[in-house]
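# Working through the structure, step by step
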Amino acid sequence: LRMSLFSPTGLKSCTFEAGSYVMRSRLYDLVSMQSRKMSNFSNPGRYGAQGFASTSGDANVSNSYVLGSRNVRRTRIDQGARDEIEMIERCCHRVRKLNRTDKSFLRSLDEEAWTLVDSWGHFVSGLRARRCLVAGLVNRTGSNIQIKTTCLFEGGSPVYSLPTNDFDDDMGLLKPGGAIIFFTWSWPPNLNNHGDIFLHIESTAFSADFAQNSTVVSSATPRSGYKVQFLEKSLSGWWAKFWLLCLDDEKVPVHT
(Lines give C-alpha, C1' and ligand atoms only; values in the text may rest on other atoms or scores of the structure.)
Protein backbone atom coordinates (compact mmCIF):
# COMPACT_ATOMS: atom_id res chain seq x y z
CA LEU A 1 0.00 0.00 0.00
CA ARG A 2 1.42 3.36 -1.05
CA MET A 3 0.24 6.55 0.66
CA SER A 4 0.97 10.23 0.18
CA LEU A 5 0.51 12.48 3.18
CA PHE A 6 1.21 16.01 4.33
CA SER A 7 3.75 16.54 7.10
CA PRO A 8 5.34 19.61 8.74
CA THR A 9 8.17 19.32 6.18
CA GLY A 10 5.94 18.90 3.13
CA LEU A 11 4.40 16.10 1.10
CA LYS A 12 5.77 12.62 1.83
CA SER A 13 5.22 9.23 0.24
CA CYS A 14 5.19 6.05 2.34
CA THR A 15 5.01 2.37 1.40
CA PHE A 16 3.46 -0.22 3.75
CA GLU A 17 3.72 -3.97 3.31
CA ALA A 18 1.46 -6.63 4.83
CA GLY A 19 2.40 -10.28 4.49
CA SER A 20 -0.92 -11.86 5.42
CA TYR A 21 -4.65 -11.29 5.31
CA VAL A 22 -4.69 -10.52 9.05
CA MET A 23 -1.98 -7.89 8.70
CA ARG A 24 -3.75 -6.36 5.68
CA SER A 25 -6.95 -6.09 7.72
CA ARG A 26 -5.11 -4.43 10.61
CA LEU A 27 -3.39 -2.03 8.25
CA TYR A 28 -6.72 -1.13 6.67
CA ASP A 29 -8.21 -0.49 10.13
CA LEU A 30 -5.29 1.78 11.04
CA VAL A 31 -5.51 3.79 7.82
CA SER A 32 -9.28 4.10 8.20
CA MET A 33 -8.84 5.37 11.76
CA GLN A 34 -6.38 8.07 10.66
CA SER A 35 -8.33 9.08 7.55
CA ARG A 36 -11.16 10.38 9.73
CA LYS A 37 -8.69 12.87 11.19
CA MET A 38 -7.39 14.31 7.95
CA SER A 39 -10.11 17.00 7.77
CA ASN A 40 -8.90 18.81 10.91
CA PHE A 41 -12.02 18.62 13.02
CA SER A 42 -14.55 19.24 10.26
CA ASN A 43 -17.19 17.49 12.39
CA PRO A 44 -18.53 19.99 14.94
CA GLY A 45 -19.65 17.20 17.28
CA ARG A 46 -22.63 17.01 19.60
CA TYR A 47 -23.62 19.93 21.72
CA GLY A 48 -25.26 19.99 25.11
CA ALA A 49 -24.72 23.62 26.00
CA GLN A 50 -26.95 26.18 27.63
CA GLY A 51 -26.99 29.68 29.05
CA PHE A 52 -27.43 30.53 32.71
CA ALA A 53 -28.54 33.34 34.98
CA SER A 54 -25.66 35.08 36.70
CA THR A 55 -25.73 34.89 40.48
CA SER A 56 -22.41 36.62 41.10
CA GLY A 57 -23.84 40.08 41.53
CA ASP A 58 -21.93 41.35 38.49
CA ALA A 59 -24.67 43.20 36.67
CA ASN A 60 -22.40 43.87 33.71
CA VAL A 61 -21.83 40.20 32.96
CA SER A 62 -24.12 38.92 30.23
CA ASN A 63 -26.18 35.93 31.38
CA SER A 64 -27.64 35.06 27.99
CA TYR A 65 -24.54 33.72 26.25
CA VAL A 66 -24.72 30.02 25.37
CA LEU A 67 -21.45 28.28 26.08
CA GLY A 68 -20.51 26.16 23.08
CA SER A 69 -22.04 28.46 20.49
CA ARG A 70 -18.55 29.37 19.22
CA ASN A 71 -17.72 25.75 18.44
CA VAL A 72 -18.91 25.95 14.85
CA ARG A 73 -16.45 28.71 13.96
CA ARG A 74 -13.06 27.99 12.44
CA THR A 75 -10.54 30.18 14.27
CA ARG A 76 -7.67 31.92 12.52
CA ILE A 77 -4.51 30.20 13.65
CA ASP A 78 -1.91 32.48 15.24
CA GLN A 79 0.90 32.55 12.70
CA GLY A 80 3.35 33.52 15.45
CA ALA A 81 2.93 30.22 17.30
CA ARG A 82 5.63 27.79 16.22
CA ASP A 83 4.08 24.70 17.80
CA GLU A 84 1.24 23.50 20.01
CA ILE A 85 3.01 24.44 23.26
CA GLU A 86 3.48 28.03 22.20
CA MET A 87 -0.14 28.07 21.05
CA ILE A 88 -1.21 27.07 24.59
CA GLU A 89 1.05 29.71 26.14
CA ARG A 90 -0.40 32.45 23.94
CA CYS A 91 -3.92 31.36 24.78
CA CYS A 92 -3.06 31.37 28.51
CA HIS A 93 -1.75 34.93 28.19
CA ARG A 94 -5.02 36.07 26.60
CA VAL A 95 -7.16 34.33 29.23
CA ARG A 96 -5.19 36.07 31.99
CA LYS A 97 -6.27 39.43 30.57
CA LEU A 98 -10.00 38.66 30.68
CA ASN A 99 -12.04 40.74 33.13
CA ARG A 100 -15.06 39.12 34.79
CA THR A 101 -16.93 42.46 34.79
CA ASP A 102 -16.89 42.70 30.99
CA LYS A 103 -20.11 41.90 29.18
CA SER A 104 -18.18 39.67 26.80
CA PHE A 105 -16.46 37.70 29.58
CA LEU A 106 -18.21 34.37 29.00
CA ARG A 107 -18.07 34.71 25.24
CA SER A 108 -14.34 35.47 25.34
CA LEU A 109 -13.73 32.52 27.68
CA ASP A 110 -15.63 30.18 25.42
CA GLU A 111 -13.84 31.45 22.34
CA GLU A 112 -10.45 30.81 23.95
CA ALA A 113 -11.53 27.30 24.95
CA TRP A 114 -12.63 26.56 21.40
CA THR A 115 -9.44 28.12 20.00
CA LEU A 116 -7.49 25.46 21.90
CA VAL A 117 -9.52 22.70 20.27
CA ASP A 118 -9.55 24.18 16.78
CA SER A 119 -5.87 25.18 16.79
CA TRP A 120 -4.92 21.74 18.10
CA GLY A 121 -6.49 20.24 15.01
CA HIS A 122 -4.16 22.31 12.83
CA PHE A 123 -0.94 21.78 14.76
CA VAL A 124 -1.44 18.06 15.44
CA SER A 125 -3.13 16.38 12.50
CA GLY A 126 -2.79 13.53 10.05
CA LEU A 127 -0.67 10.63 11.28
CA ARG A 128 0.40 12.76 14.29
CA ALA A 129 -3.23 13.15 15.39
CA ARG A 130 -4.01 13.01 19.10
CA ARG A 131 -7.30 13.61 20.82
CA CYS A 132 -7.71 16.62 23.10
CA LEU A 133 -9.99 17.64 25.97
CA VAL A 134 -10.93 21.07 27.32
CA ALA A 135 -12.69 21.48 30.68
CA GLY A 136 -13.67 24.93 31.91
CA LEU A 137 -14.86 26.00 35.37
CA VAL A 138 -16.76 29.17 36.27
CA ASN A 139 -16.90 30.13 39.97
CA ARG A 140 -20.25 31.75 40.69
CA THR A 141 -20.08 31.15 44.44
CA GLY A 142 -19.39 33.75 47.09
CA SER A 143 -16.13 32.14 48.21
CA ASN A 144 -12.79 30.94 46.90
CA ILE A 145 -12.56 27.48 45.34
CA GLN A 146 -9.26 25.70 45.84
CA ILE A 147 -8.17 23.38 43.06
CA LYS A 148 -6.55 20.54 45.00
CA THR A 149 -5.54 18.08 42.29
CA THR A 150 -5.84 17.52 38.54
CA CYS A 151 -5.12 13.89 37.65
CA LEU A 152 -4.96 12.54 34.12
CA PHE A 153 -5.83 8.87 34.64
CA GLU A 154 -5.83 8.24 30.91
CA GLY A 155 -3.96 10.41 28.42
CA GLY A 156 -0.52 11.41 27.23
CA SER A 157 0.22 14.94 28.43
CA PRO A 158 0.43 17.21 31.47
CA VAL A 159 -2.76 19.00 32.51
CA TYR A 160 -2.38 22.64 31.47
CA SER A 161 -4.23 25.28 33.54
CA LEU A 162 -5.31 28.55 31.92
CA PRO A 163 -6.91 30.76 34.60
CA THR A 164 -8.24 34.30 34.51
CA ASN A 165 -6.59 36.94 36.68
CA ASP A 166 -8.94 35.95 39.55
CA PHE A 167 -6.66 33.02 40.41
CA ASP A 168 -4.02 32.67 43.11
CA ASP A 169 -1.32 30.47 41.59
CA ASP A 170 0.50 29.88 44.88
CA MET A 171 -2.57 28.63 46.79
CA GLY A 172 -4.53 27.30 43.81
CA LEU A 173 -7.50 29.51 44.71
CA LEU A 174 -10.11 30.53 42.14
CA LYS A 175 -11.80 33.68 43.42
CA PRO A 176 -15.55 34.42 43.09
CA GLY A 177 -16.43 35.37 39.53
CA GLY A 178 -13.24 33.86 38.14
CA ALA A 179 -12.78 31.02 35.69
CA ILE A 180 -10.15 28.49 34.71
CA ILE A 181 -9.65 26.28 31.65
CA PHE A 182 -7.92 22.90 31.76
CA PHE A 183 -6.41 21.43 28.61
CA THR A 184 -4.89 18.03 27.94
CA TRP A 185 -4.47 15.45 25.17
CA SER A 186 -4.09 11.74 24.52
CA TRP A 187 -1.41 9.41 23.29
CA PRO A 188 -1.46 8.91 19.51
CA PRO A 189 -4.15 6.30 18.82
CA ASN A 190 -3.19 2.98 17.32
CA LEU A 191 -4.70 -0.47 16.95
CA ASN A 192 -3.84 -1.38 20.54
CA ASN A 193 -4.59 1.97 22.19
CA HIS A 194 -7.68 3.98 21.30
CA GLY A 195 -6.09 7.15 22.63
CA ASP A 196 -8.81 8.12 25.12
CA ILE A 197 -8.67 10.84 27.79
CA PHE A 198 -9.95 10.66 31.37
CA LEU A 199 -9.38 13.71 33.60
CA HIS A 200 -10.22 13.89 37.31
CA ILE A 201 -10.36 17.17 39.24
CA GLU A 202 -10.63 17.56 43.00
CA SER A 203 -11.50 20.88 44.63
CA THR A 204 -12.94 22.23 47.86
CA ALA A 205 -16.31 22.65 46.11
CA PHE A 206 -16.65 19.50 43.99
CA SER A 207 -14.99 16.49 42.41
CA ALA A 208 -15.45 15.92 38.70
CA ASP A 209 -14.59 13.42 35.97
CA PHE A 210 -14.23 14.44 32.33
CA ALA A 211 -13.97 11.83 29.57
CA GLN A 212 -13.42 12.28 25.86
CA ASN A 213 -14.93 8.87 25.10
CA SER A 214 -18.72 9.19 24.72
CA THR A 215 -19.22 5.75 26.29
CA VAL A 216 -17.80 7.04 29.60
CA VAL A 217 -20.04 9.31 31.68
CA SER A 218 -18.61 12.72 32.59
CA SER A 219 -19.97 13.83 35.96
CA ALA A 220 -19.49 16.23 38.87
CA THR A 221 -20.31 15.75 42.56
CA PRO A 222 -20.69 18.86 44.75
CA ARG A 223 -19.43 19.09 48.30
CA SER A 224 -21.54 20.37 51.17
CA GLY A 225 -22.64 23.95 50.61
CA TYR A 226 -22.23 23.93 46.82
CA LYS A 227 -24.09 23.06 43.63
CA VAL A 228 -22.54 22.18 40.27
CA GLN A 229 -23.98 21.82 36.79
CA PHE A 230 -22.64 21.25 33.32
CA LEU A 231 -23.23 24.16 30.99
CA GLU A 232 -21.69 22.33 28.04
CA LYS A 233 -20.86 18.78 27.09
CA SER A 234 -19.59 18.74 23.51
CA LEU A 235 -18.11 15.54 22.13
CA SER A 236 -16.52 14.57 18.85
CA GLY A 237 -14.45 11.61 17.79
CA TRP A 238 -11.27 13.64 18.32
CA TRP A 239 -12.09 16.23 20.98
CA ALA A 240 -14.26 16.98 23.98
CA LYS A 241 -15.22 20.33 25.49
CA PHE A 242 -16.91 20.92 28.84
CA TRP A 243 -18.00 23.88 30.93
CA LEU A 244 -18.85 23.43 34.60
CA LEU A 245 -20.65 26.02 36.74
CA CYS A 246 -20.23 26.08 40.52
CA LEU A 247 -22.85 27.83 42.69
CA ASP A 248 -23.65 28.24 46.37
CA ASP A 249 -26.25 25.85 47.70
CA GLU A 250 -28.88 28.12 49.28
CA LYS A 251 -30.09 25.25 51.46
CA VAL A 252 -26.66 25.01 53.10
CA PRO A 253 -25.44 28.59 53.62
CA VAL A 254 -22.28 27.68 55.55
CA HIS A 255 -19.52 25.90 53.61
CA THR A 256 -17.95 23.05 55.53
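To keep things clear, this report deals only with the structure shown in the data block. (Residues numbered from 1 in each chain as written. Predicted model: local features only at pLDDT ≥ 70, side-chain atom pairs only at ≥ 80, totals over all residues. Heavy atoms only, no water.)

## Focus on the packing of aromatic side chains
Summed over all chains, the structure comprises 9 aromatic pairs. Centre to centre, the rings of Tyr160 and Trp185 are 5.6 Å apart; their planes meet at 20°, and the pair counts as stacked. With Tyr160 in strand β5 (residues 160-163) and Trp185 in strand β8 (residues 179-185), this pair connects stretches of sequence that are 25 residues apart. Assessed through its relative accessible area of 24%, Tyr160 is described here as partly exposed. Residue classification places Trp185 among the buried positions, given a relative accessible area of 6%. A ring pair is formed by Phe210 and Phe242, whose centres lie 5.4 Å apart and whose planes are at 55°; its orientation type is tilted. On the criterion of sequence distance, the pair formed by Phe210 in strand β10 (residues 206-211) and Phe242 in strand β13 (residues 239-248) is long-range, its members being 32 residues apart. Owing to a relative accessible area of 2%, Phe210 belongs among the buried residues under this scheme. Positioned over the ring face of Trp238 is Arg131, at 4.4 Å from the centre of the ring. (Phe/Tyr/Trp six-rings, centres within 6.5 Å; stacked < 30°, edge-to-face > 60°. Helix = DSSP H or I, 4+ residues; strand = E, 2+ residues; numbered from the N terminus. Buried < 20%, exposed > 50% of the residue type's maximum accessible area, 1.4 Å probe, protein only. Lys NZ or Arg CZ within 6 Å of the ring centre and 35° of its normal.)

## Observations concerning the sheet that holds β8
The 5 strands lie next to each other as β5-β8-β3-β13-β12, forming an open sheet whose pairing is mixed. Pairing within the sheet leaves two strands with one partner each, and these edge strands are β5 and β12 (226-235). Averaged over all pairs of adjacent strands, the angle between their axes in this sheet comes to 15°, without regard to strand direction. As defined by bridge partners, strand β3 (residues 132-140) adjoins β13 across 9 bridges and the pair is classed as parallel. Considered in β13, the bridge of Gly136 is made with Trp243. Where helix α2 (residues 84-96) meets the sheet, it contacts β5 and β8, and its direction lies at approximately 25° from that of β5. (Pairing = 2+ DSSP bridges. Axes fitted to C-alpha atoms, helices over the stretch in contact; angles between N-to-C directions. Contact = heavy atoms within 4.5 Å.)

## Here's the deal with helix α3 (residues 105-123)
With 19 residues, α3 should cover 27 Å at 1.5 Å per step; its first-to-last C-alpha distance of 27 Å lies within 8% of that length. Burial runs high along α3: 15 of the 19 residues are buried. (Expected span 1.5 Å × (residues − 1).)

## Concerning the nonpolar core
The tendency in soluble globular proteins is for nonpolar side chains to be buried as a group. Grouped together as the largest cluster of nonpolar side chains are 32 residues, with contacts concentrated most on Leu109, Leu116, Leu162, Ile181, Phe183 and Trp243. Of all the secondary structure elements, the ones that give two or more residues to this core are α2, α3, β3, β8 and β13. A total of 9 residues in this core trace back to one element, the largest contributor, which is α3. The contact partners of Phe183, leaving out residues within four places of it in the chain, are Ile88, Leu116, Trp120, Cys132, Leu133, Val134, Pro158, Val159, Tyr160 and Leu162. With 25 residues, the next largest nonpolar core counts Val159, Ile180, Ala205 and Phe210 among its residues. (Core = buried A, V, L, I, M, F, W, Y, C linked by side-chain atoms within 4.5 Å.)

The analysis is restricted to geometry; functional conclusions fall outside its scope.
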